[in-house]
Amino acid sequence: MYKIVRKEVLNSQVKLLEIEAPYVARKAEPGQFIILRVDEDGERIPFTIADYDREKGTVTIIFQEVGATTIRLGKMTEGDNLADFVGPLGVASHFEDVKKAAVIGGGLGVAIAYPQAKKLHSMGVSVDFIAGFRNKEILFLEKEMTAVSDRLFITTDDGSYGTKGFVSDVLKKLLDEGNEYDVVIAIGPPIMMKVVSEVTRPYGIKTIVSLNPIMIDGTGMCGGCRVTVGGETKFACVDGPDFDGHQVDFNELIRRLSMYKRDEKAAIERHQCRLEGKTNA
Amino acid sequence: MPNMSLKKVSMPEQDPEVRNKNFEEVALGYTEEMAIEEAQRCLNCKHKPCVAGCPVNVQIPEFITLITEGKFEEAYDKILETNSLPAVCGRVCPQETQCEERCVRAIKGESVAIGRLERFAADWAINNAKRDYEKVPSNGKKVAVIGSGPAGLACAGDLVKLGYEITIFEAFHLAGGVLVYGIPEFRLPKSLVQKEIDVLLEQGVKIQTNMVIGKVLTIDELFEEGFDAVFIGSGAGLPTFMNIPGENLNGVYSANEFLTRINLMKAYKEGAETPIKHGNAIAVVGGGNVAMDAARCAKRLGAEKVYIIYRRSEAEMPARLEEIHHAKEEGIIFKVLTNPTRILGDDEGWVKGIECVEMELGEADASGRRRPIAKEGSEHVIDVDTVIMSIGTSPNPLIRSTTPDLSTNKWGCIVADEETGQTSKEGVFAGGDAVTGAATVILAMGAGKKAAAAIDEYIKNKE
Ligand SMILES: Cc1cc2nc3c(=O)[nH]c(=O)nc-3n(C[C@H](O)[C@H](O)[C@H](O)COP(=O)(O)OP(=O)(O)OC[C@H]3O[C@@H](n4cnc5c(N)ncnc54)[C@H](O)[C@@H]3O)c2cc1C
Ligand SMILES: Cc1cc2nc3c(=O)[nH]c(=O)nc-3n(C[C@H](O)[C@H](O)[C@H](O)COP(=O)(O)OP(=O)(O)OC[C@H]3O[C@@H](n4cnc5c(N)ncnc54)[C@H](O)[C@@H]3O)c2cc1C
Ligand code: SF4
Ligand code: FES
């Protein structure tokens with residue numbers, strides 16, 4: 001059993017859980033992920049390691065409520081236990097010879113990009129952090145991002161905070177102004193990572209993206225997470241999740257993510273029935 | 001006077017048209033009367049050819065004689081002397097190429113139904129005999145077992161009886177290996193596997209699930225944690241794809257993924273949280289047990305047409321005879337001497353067909369099987385909406401890539417001594433599919449037992 005020791009609500013849909021998992025905490029590195037099950041009948045669901053505390057033996061995840069499992073996870077509170085929590089999985093991010101980096105997060109991707117910025121910052125790398133949100137209401141981690149970056153640029157789709165527009169627009173502007181980066185790290189919805197990779201391609205800047213295909217085991221035994229990178233099939237859970245954005249077939253990733261769309265909608269409906277059933281009782 | 005009937009006493013089964021819609025066990029097992037009648041067909045041969053065909057040398061005529069005497073629990077104990085998982089082996093062993101192939105009765109007529117009798121004895125004992133498992137006092141030595149498939153379970157079972165403190169580390173959230181994630185419920189009920197595991201737990205074996213060795217702990221770190229020896233039984237779980245166009249279309253699964261969703265995650269149950277695609281026409285590529293299981297699961301999920309596509313002829317199929325027979329009864333369509341060349345997708349990237357060529361058999365290859373050769377111009381398309389690739393698996397690289405001093409061969413299999421399981425690394429033993437590549441339950445179990453004896457020897461000598 002894996003106990004939830006801290007819960008924070010970052011916005012109406014995004015929550016943070018700090019979970020007791022001493023073995024995982026001992027080995028966790030930025031860029032890696034875990035897979036959890038809420039309870040005995042639960043689905044195996046992957047989440048990026050947002051933070052870890054080796055001394056306390058805890059691992060933090062930040063997640064968005066998008067479907068049946070994440071909604072259920074969002075209902076859990078401090079003191080509750082998760083049935084399963086396995087990790088650290090995937091390859092840790094490597095940042096050799098980086099002096100100046102642009103870290104870009106889109107929506108929930110901000111939470112996943114944050115530990116990378118933190119790691120780079122702690123290594124003395126100069127970090128420009130570009131964080132995009134739909135609107136001001138769902139903004140989170142602003143203080144934390146400020147602390148780990150040299151410059152923080154916030155965008156909102158509707159202009160309710162920061163610059164109006166997309167993260168890729170800000171990056172384009174920075175590049176046009178002559179800013180140079182050894183690496184661009186882009187994490188967010190596949191379409192955002194695709195656009196960012198297109199922006200950096202003509203500049204020849206190394207661009208790392210973190211892919212999130214559907215996974216089960218996370219250990220390379222099912223192949224469900226396969227992605228095409230540079231024309232080759234890779235298993236994102238063991239070869240990634242970080243890949244060279246200029247090589248990734250994003251259209252295939254987006255298509256494969258829609259594999260169970262219909263079943264997922266049905267699962268949410270079932271879940272809501274159950275919840276309503278409970279309140280009536 | 002032995003029963004001289006040329007045929008095995010038949011075992012009751014669910015009707016094919018009923019069972020191909022449910023996940024309950026297909027074969028229902030013998031009653032006591034049937035078991036005794038079948039057991040009486042055994043001639044109790046002095047030279048025991050059947051025993052020589054069994055990878056773990058189950059004392060076959062002895063246990064069968066006990067069944068004829070109605071001593072069912074004693075029969076079970078007799079099997080247990082050399083086989084720690086009789087209820088499993090009685091169901092899934094390829095008896096027709098092992099013990100039963102060599103049975104004297106098979107010279108004229110059918111062999112004694114050794115597998116069915118093994119299953120009977122085990123089921124009888126599980127259901128009727130209250131058994132106590134005593135904890136053997138600890139000898140203070142600790143052994144780590146990686147993987148909870150038949151190899152790991154057998155190794156742990158033998159060592160715990162010698163007083164070792166055993167911790168099994170399992171990557172999944174549930175112990176059992178292929179027995180729980182691969183082989184379907186209708187062939188091997190999961191409650192039965194759980195009972196076998198419960199026996200180990202009662203004897204004091206500890207199982208730590210959610211531990212991916214190579215990630216959360218390396219083998220060297222296991223020694224640092226105080227283990228005196230390590231057994232690797234991590235199986236051969238890495239799926240192979242054909243590398244043909246269209247394999248990443250939506251609707252293409254590896255058999256591992258398809259079966260894991262169904263068996264481990266229970267996606268076949270109404271309301272299960274883990275989804276699975278319910279196809280209408282499904283092509284399963286391959287001819288082994290895994291392919292048969294995938295095809296029969298697909299049928300049970302409601303597919304109208306399920307094809308087995310295999311590049312050699314039926315005679316070369318590696319699957320158990322009984323499973324091929326069951327699959328056919330359940331309406332699986334066999335397309336043998338047929339090989340896929342590409343998978344076709346619709347505008348949205350979902351599978352809509354599989355293009356195949358016809359094959360003919362040429363000269364025998366290194367494996368002694370005749371090599372299939374494509375017939376030119378024989379391309380044809382079979383309309384399907386789902387494709388399941390079941391063309392084999394190899395050992396997962398997670399452990400070898402984090403254990404530099406562990407030798408592996410060019411297929412990624414761990415190099416280990418056949419008799420002892422000793423690897424290139426001191427104190428590290430290995431067995432089962434991780435060493436041999438995908439093989440059988442009984443071979444994995446046998447390897448686990450041999451390694452247990454060698455580990456005992458190794459630790460004693462170290463003192
Ligand atoms: C390596 C990796 C790291 C991730 N990190 C985070 C994170 O830090 N925070 C976060 O909120 N989300 C993260 N995700 C995505 C998260 O796993 C999905 O949002 C979650 O699985 C949705 O489950 P659900 O039942 O709530 O929703 P569902 O309704 O089942 O699915 C909603 C969408 O989530 C995706 N999804 C569903 N099941 C899976 C699965 N088993 N594996 C992957 N994706 C799936 C699909 O695109 C699906 O359309 C990560 C995914 C991967 C692969
Ligand atoms: C669908 C299917 C049907 C089959 N049917 C038959 C049959 O009818 N008859 C027959 O005799 N054989 C059959 N087999 C083959 C048989 O199941 C295997 O040969 C046998 O299970 C091998 O046992 P094992 O203990 O070596 O490995 P496995 O059973 O594969 O167990 C290995 C275990 O190790 C775990 N593991 C892997 N890596 C790690 C790690 N890094 N850290 C921790 N744990 C790890 C895995 O999760 C798994 O639980 C079938 C196989 C499949 C897939
Ligand atoms: S070979 Fe057949 S008949 Fe002879 S002892 Fe073995 S099972 Fe009995
Ligand atoms: S999640 Fe199964 S292989 Fe990657």
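Residues numbered from 1 in each chain as written. Chains lettered and ligands numbered in written order. Predicted model: local features only at pLDDT ≥ 70, side-chain atom pairs only at ≥ 80, totals over all residues. Heavy atoms only, no water.

Colleague: Looking at this model, I keep getting lost on the pattern of salt bridges. Mind explaining?
Modeller: Where charged atoms from two side chains of opposite charge come close, those side chains can pair. Tallied over the entire structure, the rule returns 52 salt bridges over all chains. For the salt bridge of Glu40(A) with Arg37(A), the shortest nitrogen-to-oxygen distance reads 3.6 Å. By relative accessible area, Arg37(A) is classed as buried at 4%. Among the salt bridges present, the one from Asp456(B) reaches Lys460(B), with a minimum N-O distance of 3.1 Å. One end of the pair, Asp456(B), and the other, Lys460(B), are both in helix α17 (residues 441–462), four residues apart, so they sit about a helical turn from each other. Three or more residues are tied together by salt bridges with common partners; here these are Glu13(B), Arg19(B), Arg187(B), Asp293(B), Arg296(B), Arg300(B), Arg320(B), Glu322(B), Glu323(B), Glu329(B) and Glu330(B). (Salt bridge = Lys/Arg side-chain N within 4 Å of Asp/Glu carboxyl O. Buried < 20%, exposed > 50% of the residue type's maximum accessible area, 1.4 Å probe, protein only. Helix = DSSP H or I, 4+ residues; strand = E, 2+ residues; numbered from the N terminus.)

Colleague: Any chance you could explain the domain arrangement of chain A here in plain terms?
Modeller: Interface size is commonly expressed as the accessible surface area that is lost when the partners come together. Residues and elements named next belong to chain A. In terms of domains, chain A is made up of domain 1 (2–89), domain 2 (100–210) and domain 3 (213–236 + 247–281). On a C-alpha basis, the centroid separation for the pair domain 1 and domain 2 is 24 Å. For domain 1, the biggest contributors to the area lost against domain 2 are Asn11, Pro30 and Ile62; these three give 35% of the whole. Here domain 1 is connected to domain 2 by two salt bridges. Ionic pairing is found between Lys118 and Asp51, a salt bridge with its closest N-O pair at 3.3 Å. For the pair domain 1 and domain 2, the number of links is two residue pairs in polar contact (both at pLDDT 80 or more). Considering only residue class, the side of domain 1 that touches domain 2 consists of seven nonpolar, five polar and two charged. (Domains from an automatic or database assignment. Buried area = accessible area lost by both parts, 1.4 Å probe. Polar contact = N/O pair within 3.5 Å; in protein donor to acceptor, adjacent residues only side chain to side chain. Nonpolar A, V, L, I, M, F, W, Y, C, P; charged D, E, K, R; others polar.)

Colleague: So what exactly am I meant to see when it comes to the confidence of the model for chain B here?
Modeller: The predicted coordinates ought not to be read in detail in places where the model reports low pLDDT. Taken residue by residue, chain B gives an average pLDDT of 92. The fraction at 70 or more is 100%. Scoring the predicted complex yields pTM 0.92 and, for the interface, ipTM 0.88. (pLDDT = per-residue confidence, 0-100.)

Colleague: Looking at this structure, how should I read the site of ligand 1?
Modeller: Residues and elements named next belong to chain A. The environment of ligand 1 is formed by 25 residues, the closest being Pro46, Ile62, Gln64, Thr70 and Met215. Gln64 is positioned such that a nitrogen or oxygen atom in its backbone is 2.9 Å from an oxygen atom of ligand 1. Leu257 places a main-chain nitrogen or oxygen 3.4 Å from an oxygen atom of ligand 1. Counting only elements with at least two residues in the shell around ligand 1, the list comes to β4 (45–48), β6 (58–64), α2 (68–75) and α9 (261–280). Ranked by the residues each element gives to the shell around ligand 1, the list is headed by β4, at four residues. Looking at side-chain class alone, the shell around ligand 1 contains 15 nonpolar, six polar and four charged residues. For the shell around ligand 1, the two domains that each supply at least three residues are domain 1 (2–89) and domain 3 (213–236 + 247–281). (Near = heavy atom within 4 Å.)

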